[in-house]
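# Coordinate inspection notes
Chain by chain, the residues run as shown.
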Amino acid sequence: MLAATVLYDPGADLFQLSSTLAGAVGTTDSALYVWGVNRGAGTAAFAADGIDGVRFDRVVLLRADGSGSVGGVGDLAAGSVTVSGNTITALVPGSMLVSTGFDKRDYTWNLWPRDTSFAGFAAISDFAPDNANFTTTIGVVPEPGTVAMMLAGLLLLGGQARRSASRGPKAPRHEYRHTNAPVRVRWLR
């Protein structure tokens, strides 16, 4: 796991969960990405396994097929989960994560990829970050269309840079010569 972040937009009451993994998302059919959230009543459910910094009272489950759900609440809307290479992102309405004591800005999170073909604690490959929860970042969650346009623009710029690099070095456009001749300036009216 390389990175995990949660952005909360109070105006839209919307959480954006995003994780970048070391490998491509979706290469293991039985993979599940579990986000534990502490909304104020979190417990250390993995303490018996030596992991006491991971506290949660609700989970958000994301799948590489683009589906997701909030444990005990219901499914995320179609299109809420996106996969791009080694990054999986989800938009979760705040109404699906009702507080149990914390302000939504103070929720803490953890992520553990899980292989459902194994049972119990052995199914978990990692806890991010470092077996402890991290805090929510406050900001504006971009609309999915905005994110898609930004990614398309970055891909276009990358393609142009790659084409330019493959053409080789360019010849200079201007040649400058230094002379000792006086410079005449003519003003135009």
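Refer to the structure above for everything that follows.
Structure report, in brief. Just so it is clear, the model here is predicted, and its values are computed rather than measured.

Per the counting criterion, the structure on display carries nine aromatic pairs. Taken together, a centroid distance of 5.2 Å and an interplanar angle of 85 degrees make the contact between Phe 46 and Trp 112 edge-to-face. Of the two residues, Phe 46 sits in the loop between strand E3 (31-38) and strand E4 (58-62) while Trp 112 sits in strand E9 (residues 108-115), which places them 66 residues apart along the sequence. The buried category is assigned to Phe 46, whose relative accessible area is 12%. On the accessibility criterion, Trp 112 (4% relative accessible area) is buried. Relative to Phe 121, the ring of Phe 46 has its centre 6.0 Å away and its plane inclined at 50 degrees; by these criteria the two rings are tilted.

Bringing the sheet that holds strand E7 (residues 81-84) into the picture now. The strand order across the open sheet built from five strands is E7-E8-E2-E1-E11, with neighbouring strands paired in mixed fashion. Each edge of the open sheet carries a strand with a single partner, namely E7 and strand E11 (137-138).

Below, the discussion takes up the sheet that holds E4. Reading across from one edge, E6-E5-E4-E3-E9-E10 is the order of the six strands in this open sheet, with antiparallel pairing throughout. This sheet does not close on itself; its edge strands, each paired only once, are strand E6 (74-75) and strand E10 (134-135).

Scoring rules and cut-offs
Counting of residues starts from 1 at the beginning of each chain's written sequence and follows it residue by residue. Predicted model: local features are reported for residues with pLDDT of at least 70 only, side-chain atom pairs are reported and counted for 80 or more only, and whole-chain, interface and lining totals are derived from all residues. Hydrogens and water molecules were not included; the side-chain quantities draw on all heavy atoms of the structure. Only the six-membered ring of Trp is used, alongside the rings of Phe and Tyr, when aromatic pairs are assigned; centres must lie within 6.5 Å, and planes under 30 degrees apart are stacked while those over 60 apart are edge-to-face, with the rest tilted. Numbering goes from the N terminus for both helices and strands, where a helix is a DSSP run of H or I of at least four residues and a strand is a run of E of at least two. In this scheme, a residue with accessible area under 20% of its type's maximum is buried, one over 50% is exposed, and one in between is partly exposed, where area comes from a 1.4 Å probe on protein chains only. At least two bridges found by DSSP between two strands are what make those strands a pair.

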